[in-house]
Amino acid sequence: MTHYDFIRKALQLASENPQQHGGPYGAVIVKDGEIISTGVNEELKTNDPTAHAETLAVRKACQQLNTLDLSGCIMYASTEPCPMCLSAIAYAKIDSIYYVNPGSDDQESVYRRLYERATRMVQLNPSNE
Ligand SMILES: [Zn+2]
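Scope of this entry: the structure provided in the associated data block. This structure is a prediction, so every number in the text was calculated from the model and none was measured.

## Re the overall build of the chain
Logical step 1: From N to C terminus, the chain includes 5 helices and 4 strands.
Logical step 2: When the helices and strands of the chain are placed in sequence order, the string is α-β-β-α-α-β-α-β-α.
Logical step 3: For the chain, the residues scored as buried account for 30% of the 129 residues in total.
Logical step 4: For the chain, the proportion of contacts with a sequence separation of at least 24, taken over those separated by at least 6, is 45%.

## Some remarks on the nonpolar core
Logical step 1: Residues Ala 10, Ala 27, Ile 29 and Ala 57 are the most contacted members of the largest nonpolar core, which totals 26 residues.
Logical step 2: In terms of residue count, helix H3 (residues 53-65) provides more of this core than any other element does, 6 residues in total.
Logical step 3: If near-sequence neighbours (up to four positions away) are discounted, Ala 10 is found in contact with Gly 26, Ala 27, Val 28, Tyr 76, Ala 77 and Ser 78.

## Notes on the sheet that holds strand S4 (residues 96-101)
Strand pairing within a sheet occurs via backbone hydrogen bonds; the two strands may be parallel or antiparallel.
Logical step 1: Taken in spatial order, the 4 strands make up an open sheet running S2-S1-S3-S4, and their pairing is mixed. For this open sheet the edge positions go to strand S2 (34-40) and S4, each flanked by a neighbour on one side alone. Adjacent strand axes in the sheet meet at a mean angle of 15° when their direction is disregarded.
Logical step 2: Note: strand S1 (residues 26-31) against strand S3 (residues 73-79), 5 bridges, orientation antiparallel. By the bridge assignment, Val 30 is partnered in S3 with Ile 74.
Logical step 3: Set on the sheet, helix H1 (residues 3-16) makes contact with S1, S2, S3 and S4; between it and S1 the angle comes to about 145°.

Conventions we followed
- Residues numbered from 1 in each chain as written.
- Predicted model: local features only at pLDDT ≥ 70, side-chain atom pairs only at ≥ 80, totals over all residues.
- Helix = DSSP H or I, 4+ residues; strand = E, 2+ residues; numbered from the N terminus.
- Buried ≥ 20, exposed ≤ 12 C-beta atoms within 10 Å, placed from the backbone.
- Contact = placed C-beta atoms within 7 Å.
- Core = buried A, V, L, I, M, F, W, Y, C linked by C-beta atoms within 7 Å.
- Pairing = 2+ DSSP bridges.
- Axes fitted to C-alpha atoms, helices over the stretch in contact; angles between N-to-C directions.

Structure representation (structure tokens):
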């Protein structure tokens with residue numbers, strides 16, 4: 001199977017998911033030419049803002065392989081992963097990401113908003129209360 005076969009699977013999952021009341025996003029994780037896990041967007045169905053296709057695929061792959069380390073795996077995603085999913089993919093040490101559709105029209109604004117929120121984080125030291 002080629003990169004295009006796996007990305008077609010991610011696109012198929014994405015196109016079918018709205019029928020299951022999910023967003024049009026799909027992801028596939030492959031290791032040694034075999035599909036280890038798939039994910040679709042389940043945010044609305046589960047009231048879970050972290051239930052993105054890529055993050056769910058990472059969770060399932062880690063459970064499937066019984067590891068936190070997905071080195072040697074490849075992610076195929078219908079859409080460019082958002083910052084949250086990109087973080088999960090990086091923490092799981094997935095080697096490569098292939099995607100078809102660009103993410104937000106203004107991906108820079110997504111990162112800027114995250115940075116602005118992050119600047120509201122304040123580290124407290126209880127011994128200095
Ligand atoms: Zn995401």
